[in-house]
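# Observations on the three-dimensional arrangement
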Amino acid sequence: MARAAAGALSELGADADTQILQALREGDSLRRRVLLPLVGRRAAAVPDVMSCLEDRDASVRALAADTLSRIGSPAAVPALFERLVDEDLRVVQAAVGAIQSLGSDTTEKLALQAARSPDVRLRRAALRIISYFGYSKGLEVLLQAMRDPDERLRDAAIYGLPFIEDPRAVDALLTAANHESERTRAAAMRALGQTEKEARITSTLLRGLNDRDPWVRYYACQALGKLNEEAAADAIVALADDAAGQVRVAVVDALAHMHTESAMSALQRAAASADADVRRAALLGLGVGRRPDALPVLLEAAKSEDAATRLVALSAVAEYEAPETLPALLHAAGDGDDSVRSAAVGFIATRPGVPATQALVSLLGDMTLRERVVSALALPLEGRLPGLLAALEAADEVTAPLLVAALARMRRADARAALMQLLASASPAGRRAAVPAVAALGTLEAREALERASNQDEDPEVRRACRLVLSR
Amino acid sequence: MFSLPMSPQVFAILAALIEQRSGVHYAPEDRELLADKVVPRALDAGFDSLLDYYYFLRYDPAGSEALDALVDSLLVHETYFFREALPLRVLAEDLLVPAVRAGRRPRVWSAACSTGEEPLTLAMILAELGVLDEVELLASDLSARALERARTGEHNLRSLRALPPGVEGRWLETREGRPRVRPELVGAVDWRRVNLVDASAVAQLGTFDAILCRNVLIYFQDDTARGVVSSLTRALAPEGRLLVGTSESLMRFGTALACEERRGAFFYTKAGP
């Protein structure tokens, strides 16, 4: 019931704001959970949404933080800081995210104050905020947190250091890379991947490749890849048979960033590995490089027996602008696995051009994909409009209304013009399907076109449909 | 909301890992649902990438336990006493009591018992018929958390929503707002953690005169369900009965079991020797 009412309020748009806010004030947690996503972006809503930050249901509190972020009022920042000690982690995450997206004049002061709190959770959240904004005044608290016995607090400080522009930040990271705690060394390796390339950083990361802890080796590998440190390629390849699975994968991931011939051939070898994760990482890496010689490997992997591998290969194939791409994606749209099928439609949906539009139209016959395909056709990409109009010329009674629905959902002037144009097209099925959509435009020009068609169209069904909508 | 992005690729490999471990299938439209469960765990474990977290679950020595905990949080534990009770009553009166009278000690397995309401309902029916001590009851679930609850005999008030008259006070009582089943009933059940997808674990349990596997197969893909039904069929003694939920059917799996109706209850029966 609450959901149905919320749906109706949503249809009303801005007119419903007053009712929604009143319901937020008076409603229980369930109603608030349904209504918060419907709150419009108006400053007047902020006090009522802020009161939801105190709701007894954690998902409502998290949603309230999310809504405040969406409204965009910095006045909510102090209240959001209070939620950084919420007992529910989701609320803390949402509050941090909202504070980061809102920013404000008071954020720096509040964050620095929170970073000195005796409450470790609050300090950790505050460090993330300081890091996000890169407050230079935050360096001291980050350095202090790095000396804290709490490992997770040290982690938070380490992740923040690359975002502070101060040479002392890099010095501290290099020190952390030698810390006795494996977790701290791993965090330092990961953070070094976010810095600028420097000889002392590279040599620290190279040392990390030989660390006894697999996660330190994992992040060292990853960081060298991110820094595109091609000189480290041989040292990285040497870990290809590491005992730890995550390190073997990180090797492949790192090589994907390096565009040397040896890295590419190592990637091609990894694409045939018996380890599914190594194989998938290699396929992703080959996709990133978009080299023509990798495409046959990817197309072959798109026929793998393992659905997750097919999906990964397909996402790599989708990166290519090659003649083989669209047929491969279209073929995958008929895959037996619903994840692969759905991803294939998603990849075709984002491709511009008439051929991609035609490919989507050809999928309308699949009932399981129909709604997704119509949404994809409604994306206003280059080639959509001419593709849809051409398809409408030959569409049958089932397909034509779907194509018209896609045109109507575009909500663009050229799509509206195309709908009007459709009313005078050669296809009776297209004209019949266009009638309700043209009527929904609600313009004088649309009404005149419908009146004309109601008298002059050669198809009696079109004339009848026009008279019906005109009589309403 | 602040979150970690779950790409279709990461969703595919995570969902495959979860399905491999538990049999539970996630369709593409469940991506957000899965992300809601996984992201807080990944962040809590100190990962800021779900791919890194996946490698942790897959390769780290602590990953297996973390995967179990994740799967546990994904399982549906919704159940209640005397849910679809007719087949249990027919099983007890028409099959188990005659077996006991014939001098046998029948074995019954509740294969996905969650917090224990189903095997305890059967235990109550058997106790009422005076044969509880003569029937061996085994109850299992994949969720260690749910089993822990079951072993305590403590339940929530929602589990009483279909309770027939005469049960409360006799087989269970509510103290401080929490229903508690009598300890002798809880003690009559052998509680075990079993993964139904693991055929060798199922085989180790021996054979049963009846297996209850109700409202479980709906969470599996057909291939997984087919494999589970095969394992359960092997675990049935000749003329043993398999009970599935009223909304479930084994027809599409091409089972060798024969469908049989008794007083309005349906059983899948294994052929005799």
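The structure contained in this document is the topic of the report that follows. For every chain, the first residue of its written sequence is number 1, and the numbers climb from 1 along that sequence. Lettering for chains starts from A, numbering for ligands starts from 1, and both go in the order in which the items are written. Only residues with pLDDT of at least 70 get local features here, since the model is predicted, and only at 80 or more are side-chain atom pairs given and counted; chain-wide, interface and lining totals rely on the full set of residues. In computing side-chain properties, one takes all heavy atoms of the structure into account and sets aside hydrogens as well as water.

### A closer look at the overall build of chain B
- Helix and strand definitions follow DSSP, with helices as H or I runs of at least four residues and strands as E runs of at least two, each counted in order from the N terminus. Within chain B, the regular secondary structure consists of ten helices and nine strands.
- The principal-axis extents of the C-alpha atoms in chain B amount to approximately 60 × 50 × 30 Å.
- Expressed as a percentage of the 273 residues in chain B, the buried residues total 53%.
- Summarising the internal contacts of chain B: among those between residues at least 6 apart in sequence, 75% fall at separations of at least 24.
- Here chain B displays about 12,000 Å² of accessible surface, and carbon together with sulfur accounts for 50% of that area.
- If you average the places of the 31 positive and of the 38 negative side-chain charges in chain B, the two averages end up 4 Å apart. Three exposure classes are used, based on accessible area relative to the maximum for each residue type with a 1.4 Å probe and protein chains only: buried under 20%, partly exposed in between, and exposed over 50%. We call two residues in contact when some of their heavy atoms are within 4.5 Å. In short, Shrake-Rupley with a 1.4 Å probe defines the accessible areas, and a residue's cover is counted only from the protein chains shown. By the counting rule applied here, Lys and Arg register as positive and Asp and Glu as negative, while His and the ends of each chain are not counted. Where a charge lies is defined by one atom per residue type, namely NZ (Lys), CZ (Arg), CG (Asp) and CD (Glu).

### Structural notes on helix α12 (residues 167-176) of chain A
All names here are of chain A.
- For α12, the set of buried residues is Ala169, Val170, Ala172, Leu173, Leu174 and Ala176.
- Close packing links the buried residues of α12 with α10 (139-146), α11 (151-160), α13 (182-192) and α14 (199-208).
- Of the residues that open α12, the one with a side-chain oxygen 2.9 Å from the backbone nitrogen of Arg168 is Asp166. In the analysis that follows, any N or O atom pair within 3.5 Å is treated as a polar contact, provided that within protein one partner can donate a hydrogen and the other can accept it, and provided that, for residues neighboring in sequence, both atoms belong to side chains.

### Quick word on the packing of aromatic side chains
- Geometry of aromatic contacts follows a simple scheme: Phe, Tyr and Trp rings, the Trp one being its six-membered ring, pair when their centres are within 6.5 Å, and the pair is stacked under 30 degrees between planes, edge-to-face over 60, tilted otherwise. If you walk through the whole model with that rule in mind, you get 14 aromatic pairs over all chains.
- Between the aromatic rings of Trp215 of chain A and Tyr219 of chain A, the centroid separation amounts to 6.2 Å while the plane-to-plane angle is 35°, which identifies the pairing as tilted. One end of the pair is Trp215 of chain A and the other is Tyr219 of chain A, both in helix α15 (residues 214-226) and four residues apart, which spans about a single turn.
- Given a relative accessible area of 10%, Trp215 of chain A falls into the buried group.
- Looking at Tyr219 of chain A, the relative accessible area reads 5%, which means it is buried.
- Among the aromatic residues, those joined into a cluster by ring pairs are Trp215, Tyr218 and Tyr219 of chain A together with Phe47, Tyr53, Tyr54, Tyr55, Phe56 and Tyr59 of chain B.
- Placement of a charge over a ring requires the Lys NZ or Arg CZ to be within 6 Å of the ring centre, with the centre-to-atom vector within 35 degrees of the ring normal. Note that Arg107 of chain B overlies the ring of Phe208 of chain B, its terminal NZ or CZ placed 4.3 Å from the centroid.

### Focus on the sheet that holds strand β5 (residues 189-193) of chain B
Residue and element names in this part refer to chain B.
- Read from one edge to the other, the open sheet built from seven strands follows the order β5-β2-β1-β6-β7-β9-β8, with strand pairing classed as mixed. A single partner strand is all that each edge strand has here, and the edge strands are β5 and β8 (258-262). Across the sheet, the mean angle from the axis of one strand to that of its neighbour is 25°, orientation sign disregarded.
- Any two strands between which DSSP finds at least two bridges are classified as paired. The sheet contact formed by β8 and strand β9 (residues 265-269) spans five bridges and is antiparallel. For Glu261, the partnering residue across the bridge sits in β9 and is Phe266.
- Packing of helix α10 (residues 222-234) onto the sheet brings it into contact with β1 (107-110), β6 (208-213) and β7 (236-244), and relative to β7 it is tilted by some 140°. Fitted lines through C-alpha atoms serve as axes, helices being fitted only where they are in contact, and the angles separating the N-to-C directions of these axes extend from 0 to 180 degrees.

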